[in-house]
Amino acid sequence: MNSRISHHARLTVLLALSALAAPVSAQPAPVGTPPEKAQACAACHTITGNSTNPAYPVLAGQTFRYLYLQLQDFKAGRRYHPSTDPSVATLSSDDILALAQWFSAQKPEPTGFMPDPVKVAAGRKKADEVLCAMCHHGGFTGQNEVPRVAGQHYAYVKKQLEDFRAKRRTNDAGNMTSVASTLTDADIDNLAQYVANLN
Amino acid sequence: MFNRRTILMAAVAGGIAMSSQAGAQEVGMSSTTTATPMASSLVPVTDAMLRGAGTDAKNWLHSNGSYAQTRYYPGAQINTRNVGKLKPAFVFQTDMLESMETAPIVVDGVMFLTTSYNHVFAINAVTGEEYWEYKHKMGPITTYCCGPNNRGVAVAGGRVFMGTLDAKLVALDARTGKVDWEAQIADPDKGYSETMAPVAVDGKVLIGTNGGEYGIRGFVKAYDQNDGKLLWTFNTIPDKGQEGVWATKDATGRDMHRDIDAEKAALAKDSSFYQTLGGGVWMAPAVDLKTRTVYFVVGNPSPDLYGAIRPGDNLYTDSMVAVDLDHGTYKWHYQYIAHDVWDLDAVSAVILTEAKGVNGKMVEVAIHGGKTGHVYVNDRATGKLIRFSEAMIPQENMWTLPTAQGARMLPGANGGVEWSPMAVNPKLHMVYAANLHQPMTYQVEAAAYPGGSKLWLGGSFKTIASEQQWGRLVAVNLDSGKIAWGVKTPQPLIGGVLATAGDLVFNGEGNGWFKAYDARSGKELWKYSCGAGVNAPAVSYMVNGKQYVAVAAGGNNQIDFKRGNSVFVFALP
C-alpha cells in the first residue's frame, strides 16, 4: 500500500548491488565523491559507512530518510550518544542532506558476524510473531523513515533494543519503545542475532 | 485528521510519503502530446464573479462552489426527470496514477484540475483537450500523513493558486501555467504540508495547513494575491489559554471521562507544549463578506491518542472558529470535543446557510459534519450550538478512553464524516453528508515529541478485521436535525457531495460507481462505473447552454481504494 515505484526501484537496485558486491571485497570503493563533512565521520563509521567497530552502526545502504532524521535528532538532542554528539551538532540542514545522501548511496558490506544458529532461529520466530516486517519490510531491508537493520552489527542492534525498552532512546515516536516494551533479554539477544545475520 | 487500518501501516505509509525526493519538474506537455492554444474565452476572474459564484450556473469558481460552500449548483438542466440519460462527454486522463481529491474549477469553459504530487492541468471543459500542465518542482523534504493528495486550486484575476506538499503556495498564470510567484508557507521539516484548496477572496488567498499528526502548530494564513506577501496569520493554538474551560462533556452532552485534577497538575508543571499541539485546518474556509468573517474548523490535537502530555481543552482543536477577514483576529470559537484522544476531530468544510433557530425563526448558521457522525448547526454570529443531528452512523461506548491494549469504540477514527465536503439544498433545507463506518480500537502509547518529521500518533488505530465496514450517504433536515433519508453503500464513503437545483445529489464510491440520487427521497436515479475509486467531490458547470457534471476518479490513499488518473465529465446526449 502507498508505495511509490521509484522507492522500490531504488531499494531493489541497492540490494542487487550489495548482493553482487558482498563476496568480492571487504572494503568497497566509494560510490561517487564524499561530501567534505563525511571525513569527520570516517574515524568511526569509515568513509563508506561500513563501520568495523561493532559499537558504531553501519550507515552504508541505510535509507536516506532514516539517516536524515537521525542526524536531525542528534543535532536537536532528541537522540544522544557521547561519541556522535560533537561532530553532528554543528551540521547544517544542507550538510545533513548531503551526508544522508552519501551514506545511503554506499554499498553495505557483510560485517563478518558469526551467528549462533539456535538463537537466529528463535529470533526469526520472535520477529514473525511481533510483525517486525510490517514496518521494517521483509528481511529488515527498511523503507524510508523505518531503518534497514539487516546486516547491522549485533552489538549495536542489541544495545538499541535495550535502549528502546528502557526508554533511553525515545526519538522513535513511540513505535519501537512500544514494540520493545514486551521483549525479554533473551528475545533481544535472539532478535539481534537474527537481524545481524541477514544481508 | 488521521486514520489508517493499523499503526504498522501508518508508520510505513508515513515514511514512504515523507521521503519523496522529486526531481526537477516544470510546466510542459509530455513529448507525445501537443498543447492546444489556450481558449480566447478565458477572461480574468473578477471579485464580483467570485462573490456571485453561488448563483452562477456557467462557472464553478470555488472548490466548494461559493464562499458559503454549499456545493449547490444553481442550474437545473440536468434534473430528476432526465438524469437517467446522463452519458460521459469525455474522460480526461492525467499522467499521475495516484489518489485524486480534486474539485475541478471551471472558468469560461476552461477547467483547472490537480493531481497527487501537485500537477495542475488546464483543459477544455467541453472536449477535454489539454492547454497546459504544471508539474510542481518538489523540495527535498516533504512530510504528510494521508497520501500525496491535492484538493484543487483557487482562481482570481488571471491567476491560479495551489498549496503544495512541500508547504508552499504557488501562483500560476492561468493562461500559460507559468509560475508567477511562490511563497513558503511553513517548514516541511516540522511536519507542515498543504493538500487543501485555497480560497481567493478580496485580494487575498486564504490557506490552512496539514500536520496534526506531526506536532505542528496549526494556522490559517492570508497572502496577497498579487505578490504572495503574507498579510496575516491566525494560530489555531493560542499563545495563552489553550486549556479553555476544562469541559467535561462534548457538544452533545456526553461525558468524556477526563481526569481534570490530573490534567491541571500536569499543566502546572509544563505548558510549553502549545507549540506542538497540532490543530491542522484541512479544508477551504467559508467566507461571509457581509460581516467580513472567515469560518473554518480545526483538526485534532497532537499527538492524536496520547493526551497525558497535553493537559487542557486544547483550544482551538476540534472546534469551529470565526476570524476577521481583514486582520485574521479571533471572533469566536465553538469546541465540539475538548481534549480529544480519539482523533474524532473536525475536518469537513464549514458551510454557511440558514436554518430554524431555537425560537423557530430562520437564522444564519454555520454548519459542520463531524467525524462523530453528527451534523452540528452553529449560530453564525455567536458560534452557539443550535442543534446537532441524529447520529448518521452507529455510535457505541462513547467516550471510552484509549488503552494500552486497545479499546473498541464507534465511530472509528475516520468518522462519520471525514474531509468529504457536504452539500446543501437550500430549497429543501437539507444537507447531504458522505459517512464512513469503520469499527476500530483506540490504543494509546506514551511518546515524546519526535521532532516534526515522524508520524506522532501516541498510539494506534486498528480496524477490527471481523467487523464489516460500510458507508452511508445521509440527508439531514437542517431545521430539525432529523435524518430524512440514508443510503447504505458497500464501502466507506470519502470524497464529498454535490447538490443541484435539479433536485439531485451526486456522490461517488470507492468501488468506482458515481451515482445520482433524488434529493428528496434518496432514490437512486442514475449510476456510472468509472473503473477506479470516485473519492473526490463532483462539480457542475455550463458551456454554450449545456450543463456538465465533472468528477475525478483517482481512488483514495487513506482507505486504499483503487487508484485511477481520470476526470469524468458527463452531459445529456
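Higher on the page you've got the structure.
Bear in mind that the values here come from a model prediction, so they are computed numbers and not experimental data. (Residues numbered from 1 in each chain as written. Chains lettered and ligands numbered in written order. Predicted model: local features only at pLDDT ≥ 70, side-chain atom pairs only at ≥ 80, totals over all residues. Heavy atoms only, no water.)

A. The state of the cysteines, seen in detail. Inspection of the entire model under this criterion finds one disulfide over all chains. Put simply, C145(B) and C146(B) are joined by a disulfide, and their sulfur atoms are 2.1 Å apart. Across the disulfide from C145(B) to C146(B), rotation about the S-S bond amounts to roughly -80°, and the bridge is consequently left-handed. We note that C145(B), like C146(B), is buried. There is no disulfide at C132(A), and the cysteine sulfur nearest it, in C135(A), is 8.7 Å away. What makes C132(A) buried here is its relative accessible area of 13%. (Disulfide = S-S within 2.5 Å. Buried < 20%, exposed > 50% of the residue type's maximum accessible area, 1.4 Å probe, protein only.)

B. The arrangement of the sheet that holds strand 31 (residues 497–500) of chain B in detail. Residues and elements named next belong to chain B. Strand order in the open sheet made by the five strands is 2-31-32-33-34, with mixed pairing throughout. This sheet does not close on itself; its edge strands, each paired only once, are strand 2 (72–73) and strand 34 (524–529). Where strand 31 lies against strand 32 (residues 504–508), four bridges are found, and the strand directions are antiparallel. Bridging from a neighbouring strand, A499 pairs with V505 of strand 32. (Pairing = 2+ DSSP bridges. Helix = DSSP H or I, 4+ residues; strand = E, 2+ residues; numbered from the N terminus.)

C. Just helix 10 (residues 185–196) of chain A, in detail. Residues and elements named next belong to chain A. Look at helix 10: 16 Å from first C-alpha to last across twelve residues, which is about the 16 Å you get at 1.5 Å a residue. Within the span of helix 10, buried status applies to D187, I188, D189, N190, L191, A192, Q193, Y194, V195 and A196. Those residues of helix 10 hidden inside the fold are in contact with helix 6 (117–130) and helix 8 (154–165). (Expected span 1.5 Å × (residues − 1). Contact = heavy atoms within 4.5 Å.)

D. Region of the structure containing helix 5 (residues 93–105) of chain A. With 13 residues, helix 5 of chain A should cover 18 Å at 1.5 Å per step; its first-to-last C-alpha distance of 18 Å lies within 8% of that length. Along helix 5 of chain A, the residues classified as buried are D95(A), I96(A), L97(A), L99(A), A100(A), W102(A), F103(A) and S104(A).

E. View of the nonpolar core. All names here are of chain B. Among the nonpolar cores identified, the biggest contains 100 residues, and M111, F112, F506 and F514 are the most heavily contacted of them. Here the element with the most residues in this core is strand 36 (residues 546–553); it accounts for six residues. Those residues in contact with M111 that sit more than four places away from it in its chain are P104, I105, V106, F121, A122, I123, A125, Y541, A550, V567 and V569. (Core = buried A, V, L, I, M, F, W, Y, C linked by side-chain atoms within 4.5 Å.)

F. Looking closely at the packing of helix 3 (residues 64–76) of chain A against helix 5 of chain A. Residue and element names in this part refer to chain A. Here helix 3 crosses helix 5 at 140°, and the two axes come no closer than 8 Å. Viewed along their axes, helix 3 and helix 5 adopt a mutual orientation that is oblique. Pair helix 3 / helix 5 crosses with right-handed handedness. The segment helix 3 lies against helix 5, with F64, L67, Y68, L71, Q72 and K75 engaging S93, I96, L97, L99, A100, Q101, F103 and S104. When grouped by side-chain class, the residues that make up the contact of helix 3 with helix 5 number nine nonpolar, four polar and one charged. (Axes fitted to C-alpha atoms, helices over the stretch in contact; angles between N-to-C directions. Parallel < 35°, antiparallel > 145°, perpendicular 65-115°, else oblique. Left-handed = near helix turned anticlockwise from the far one by under 90°. Nonpolar A, V, L, I, M, F, W, Y, C, P; charged D, E, K, R; others polar.)

G. Highlighting the packing of aromatic side chains. Residue and element names in this part refer to chain B. In the structure shown here, the tally under the stated rule is 28 aromatic pairs over all chains. Each ring, one from F112 and one from W132, has its centre 6.1 Å from the other, and the planes form 45°; the classification is tilted. Taken as a pair, F112 in strand 5 (residues 110–114) and W132 in strand 7 (residues 130–135) lie far apart in primary sequence, 20 residues in all. Look at F112 and you get buried, because its relative accessible area is 1%. When the centroid spacing of 5.7 Å and the interplanar angle of 25° are considered together, the rings of F506 and F514 count as stacked. When sorted by exposure, F506 lands in the same class as F514, which is buried. Aromatic rings pair up to connect F506, F514, W526, Y528, F568 and F570 into one cluster. Seen from the ring of F219, K221 lies directly overhead, with NZ or CZ sitting 4.5 Å from the centre. Between K488 and the ring centre of W470, over which it is positioned, the NZ or CZ distance is 4.4 Å. (Phe/Tyr/Trp six-rings, centres within 6.5 Å; stacked < 30°, edge-to-face > 60°. Lys NZ or Arg CZ within 6 Å of the ring centre and 35° of its normal.)

H. Quick look at the pairing of strand 29 (residues 470–477) of chain B. All names here are of chain B. A large share of strand 29 lies buried, amounting to six of its eight residues. In the sheet, strand 26 (residues 430–437) pairs with strand 29 via eight bridges, with the strands oriented antiparallel. Bridge assignment links A433 to a residue of strand 29, and that residue is V474. Sheet analysis places strand 29 next to strand 30 (residues 483–489), joined by six bridges and oriented antiparallel. Each bridged residue has a counterpart across the sheet, and for V474 the counterpart in strand 30 is G486. Counted along the chain from strand 29 to the antiparallel partner strand 30, the turn is five residues long, and its residue G481 has a positive phi close to 80°.

I. Expanded view of the environment of S521(B). All names here are of chain B. Mapped onto the elements, S521 comes out in the loop between strand 33 (513–518) and strand 34. Exposure remark for S521: the relative accessible area of 41% places this residue in the partly exposed category. For S521 and A484, which are 37 residues apart along the polypeptide, the C-alpha to C-alpha distance reads 7.8 Å.

J. Here's a closer look at unusual backbone geometry. Cis geometry marks the peptide bond from S302(B) to P303(B); its omega dihedral reads -10°. For P303(B), the location among the structural elements is in the loop between strand 17 (293–298) and strand 18 (319–324). Residue W399(B) is bonded to the preceding M398(B) through a cis peptide linkage, with omega at -10°. Counting through the fold element by element, W399(B) comes out in the loop between strand 23 (385–388) and strand 24 (407–409). Phi at H137(A) is positive, roughly 80°, even though this residue is not glycine.

K. The arrangement of the sheet that holds strand 11 (residues 179–184) of chain B in detail. Residues and elements named next belong to chain B. The four strands are arranged 8-9-10-11 in an open sheet whose pairing can be described as antiparallel. The open sheet has two free edges, formed respectively by strand 8 (154–156) and strand 11, since each of these has just one partner strand. Here the strands of the sheet are splayed against their neighbours by 20° on average, with no regard to which way each runs. Both strand 8 and strand 9 (residues 159–163) contribute to a ladder of three bridges, which runs antiparallel. Its bridge partner lying in strand 9, V155 is registered against V160.

L. View of the environment of K356(B). As for its position among the elements, K356(B) is in strand 20 (residues 351–356). Discounting residues that sit within four places of it in the chain, K356(B) has contacts with K361(B), M362(B), V363(B), I386(B), R387(B) and D479(B).

M. Local environment of the side chain of T115(B). Relative to the assigned elements, T115(B) resides in the loop between strand 5 and strand 6 (119–124). Not counting residues within four places of it along the chain, the set of residues in contact with T115(B) comprises T94(B), M96(B), M100(B), F121(B) and N150(B).

N. Molecular detail of the pattern of salt bridges. Residue and element names in this part refer to chain B. For the structure on display, the rule yields 38 salt bridges over all chains. A salt bridge links D326 to K204; its shortest N-O distance comes to 3.8 Å. Of the two residues, D326 is situated in the loop between strand 18 and strand 19 (330–335) and K204 in strand 13 (residues 204–207); the sequence distance between them amounts to 122 residues. Two residues, K371 and E418, come together in a salt bridge whose shortest N-O distance is 3.9 Å. Here the residue K371 occupies a position in the loop between strand 21 (362–369) and strand 22 (375–379), and E418 occupies one in the loop between strand 24 and strand 25 (423–425), the gap between them amounting to 47 residues. A relative accessible area of 0% means that K371 is categorised as buried. (Salt bridge = Lys/Arg side-chain N within 4 Å of Asp/Glu carboxyl O.)

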